[in-house]
Amino acid sequence: MSDATSRRAFLKTTAAASLAYVPTFVHAAAINQTLKVGLIGCGSRGGGAARQALLADRDVKLWAVGDAFRDSTKALLTALRTDPDLEPKVDVPRERQFVGFDAYQHVINSGVDVVLLCTPPHFRPMHLEAAIRANKHVFCEKPMAVDAPGVRRVAALYETARTRRLSVVSGFCWRYFEPMRETVRRVHDGAIGDILALHTNYLAPALWHRERIANMTDMEWQIRNWPYFTWLSGDYNVEQHCHSLDKMLWLMRTKPLRAYGVGGRQTRTGPEFGHIFDHMAVVYEFADNVRCFAFCRQQAGTFSETTDHVIGTRGRANLLGTRHADRPWREYSITGANPWTMTRAQVDRATEMYQAEQNALFASIRSGNPINDIDWMARSTLMAILGRMVCYTGQIITWDQALNSTENLTPPDGYRWDRAPAIPPVARPGVTRFV
């Protein structure tokens, strides 16, 4: 499959191999020299990714950074340089600190070998495409797009990355966490029989937001508060709950056929919260009447829980179980015909998942065995976008309809500090139309 059209067709099919937790490797030359890292997006997640990248390999340097705002780059570099374990690996003089909407291109062109993409999700397809076209290895934070055109753009890059033998590691970090991998491996090996149903919760408290200050333009205000605008974040179901939905797609090893759901905005109703929902519940229907029940919420003062459960014909799997007073750690277990439980000691010994994904990226570059996560990370992103679509519209929408959607959230006037996208009204199920 050599072009974007065939990649798009491939995205619409069931491809169990590309959804497996073990990456498919192709031959490439091992790399022995110092690896220069460029960070695009210097917020909290970018700062975390930079730290983990610098700890993932002995001979690595942070070489360039880029962000929309100067204060973000300064804060990041100050924090890294105060860490005695990281400071020797930070080699970012002022001339390799880039600011503005084109900062990503300057970072890519600065002589780096590896690029970390950690900006608001809207920019991911554009930045990923630029990095791969420039022959850079990539860590790509989740989600990978906020609309279907963005997903198609990402999916089309799979073949380019493969033929150029580039590693592209996804920020869907649970796929790199050994307790989760072991549990999913057992499910795939038939420990619970055939899957009948899945249930996932991502119930969270309120999210941060930044006050608007004097002389702040509409565009700056929106970008600094990017989770609250669908064009930047994709809404909560896409920006955060995508982690849980990725695990569901990983377990199923196939795409859902259709989805429907409910959602709304009850507690975050002020203009400072943009126009996104604060709760959603989606039913994803797979073949053979298998259903995934997915719930997410961001509301202050509410019960919080992040859990995943799978029900099969011969048992049940508990992934990321709820903490209790008598079990203050996350449980990974199977009950039924093939009972199994990962001990707390095993869980505690596992490499933290954010570090594990960076370890995998740099090991793949060093060994010459590239990891290419593009196919399945694009699917997981589309699954999350499908959930937003059904909640916003109140309609049942198929996978193919979502994939072929023409809704493009890119600002019509491009990226300008003096002109921001108009804030759309809050979606009204039954009124808001599917595009």
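Residues numbered from 1 in each chain as written. Predicted model: local features only at pLDDT ≥ 70, side-chain atom pairs only at ≥ 80, totals over all residues. Heavy atoms only, no water.

A. Layout of the environment of leucine 203. Considering the arrangement of structural elements, one finds leucine 203 in strand S7 (residues 195-204). When the C-alpha atoms of leucine 203 and phenylalanine 303 are compared, they prove to be 7.1 Å apart, with 100 residues separating the residues in sequence. Once residues lying within four places of it in the same chain are set aside, the contact partners of leucine 203 are Phe295, Cys296, Arg297, Phe303, Ser304 and Glu305. (Helix = DSSP H or I, 4+ residues; strand = E, 2+ residues; numbered from the N terminus. Contact = heavy atoms within 4.5 Å.)

B. The arrangement of the sheet that holds strand S4 (residues 114-117) in detail. Pairing is parallel in the open sheet, where six strands are placed in the order S3-S2-S1-S4-S5-S6. Two strands in the sheet have a free side with no partner beyond their single neighbour: strand S3 (97-99) and strand S6 (168-170). In this sheet, adjacent strand axes meet at a mean angle of 20° when their direction is disregarded. Sheet topology note: the strand S1 (residues 35-40)/S4 ladder contains four bridges and is parallel. (Pairing = 2+ DSSP bridges. Axes fitted to C-alpha atoms, helices over the stretch in contact; angles between N-to-C directions.)

C. The packing of helix H13 (residues 242-252) against helix H16 (residues 374-393), seen in detail. Contact geometry for H13 and H16: axes closest at 9 Å, N-to-C directions at 120°. Considering the angle they form, H13 stands oblique to H16. When you trace H13 past H16, the crossing you get is right-handed. Each of Cys242, Leu245, Asp246, Met248 and Leu249 in H13 lies in contact with H16, whose residues at this interface are Trp376, Arg379, Ser380, Met383 and Ala384. Looking at the contact of H13 with H16 residue by residue, the classes come out as seven nonpolar, one polar and two charged. (Parallel < 35°, antiparallel > 145°, perpendicular 65-115°, else oblique. Left-handed = near helix turned anticlockwise from the far one by under 90°. Nonpolar A, V, L, I, M, F, W, Y, C, P; charged D, E, K, R; others polar.)

D. Spotlight on the packing of helix H9 (residues 178-188) against H13. Viewed as axis vectors pointing N to C, H9 and H13 meet at an angle of 35°, and their least axial separation amounts to 9 Å. For the pair H9 and H13, contact is made by Met180, Arg181, Val184, Val187 and His188 and by Lys247, Trp250 and Leu251, respectively. Looking at side-chain class alone, the contact of H9 with H13 contains five nonpolar, one polar and two charged residues.

E. Layout of helix H4 (residues 70-81). Taking 1.5 Å as the rise per residue, H4 with twelve residues should run 16 Å; its terminal C-alpha atoms sit 17 Å apart, in good agreement. Within H4, the full set of buried residues consists of Ser72, Thr73, Leu76, Leu77 and Leu80. Here the buried residues of H4 occupy an arc of 120° about the axis, which is enough to place them on one side. Those residues of H4 that are buried are in contact with S1, helix H3 (44-55), strand S2 (60-67) and S3. (Expected span 1.5 Å × (residues − 1). Buried < 20%, exposed > 50% of the residue type's maximum accessible area, 1.4 Å probe, protein only. Arc of directions from axis to C-beta.)

F. Structural context of the sheet that holds strand S8 (residues 258-264). Reading across from one edge, S14-S13-S12-S11-S7-S10-S9-S8-S15 is the order of the nine strands in this open sheet, with mixed pairing throughout. Both edges of this open sheet fall to strand S14 (340-341) and strand S15 (397-398), since each of them pairs with a single strand only. Two elements, S7 and strand S11 (residues 305-312), share eight bridges in a ladder whose sense is antiparallel. Its bridge partner being in S11, tyrosine 202 is matched across the sheet by threonine 306. Helix-sheet contacts for H9 involve S7, S11, strand S12 (315-319), strand S13 (332-336) and S14, and the interaxial angle to S12 is about 165°. Along the sheet face, H13 touches S7, strand S9 (279-285), strand S10 (291-298), S11 and S12 and points at about 165° away from the line of S7.

G. Examining the side chain of asparagine 237 more closely. Along the polypeptide, asparagine 237 turns up in helix H12 (residues 236-239). A relative accessible area of 2% means that asparagine 237 is categorised as buried. Not counting residues up to four positions away in its chain, the partners in contact with asparagine 237 are Cys242, Leu245, Met280, Tyr284, Cys296, Ala384, Gly387 and Arg388.

H. Structural detail: the environment of proline 121. Considering the arrangement of structural elements, one finds proline 121 in the loop between S4 and helix H6 (124-133). When near neighbours in sequence (up to four residues on either side) are disregarded, proline 121 contacts Pro143, Ala145, Val146, Trp226, Leu232, Ser233 and Glu239.

I. Highlighting the environment of alanine 300. You can see alanine 300 is positioned in the loop between S10 and S11. Accessibility expressed as a relative area gives 55% for alanine 300, which makes it exposed. Put simply, alanine 300 and arginine 164 are 136 residues apart on the chain and 47 Å apart in space, counted from C-alpha to C-alpha.

J. Spatial organisation of the layout of surface pockets. Computed from the structure, the second largest pocket encloses a volume of approximately 460 Å³. Listed by contribution, the elements that provide at least two residues to the lining of the second largest pocket are helix H11 (230-233) and H16. Here the residues of the lining of the second largest pocket are counted per class, giving 14 nonpolar, seven polar and three charged. (1 Å grid on protein atoms, 1.4 Å probe; cavity = no way out; pocket = protein on both sides within 12 Å on 5 of 7 lines; lining within 4 Å. Points joined across faces, edges and corners; volume = space filled by probe spheres on them.)

K. Local environment of unusual backbone geometry. Residues lysine 142 and proline 143 are joined by a peptide bond in cis, for which omega reads -25°. The phi torsion at asparagine 135 lies on the positive side, around 65°, for a residue other than glycine. Residue class for asparagine 135 comes out partly exposed when judged on its relative accessible area of 44%. Phi angles above zero are rare outside glycine, and arginine 253 is one such case at about 60°.

Interpretation note: all reported values are geometric properties and have no functional meaning in isolation.
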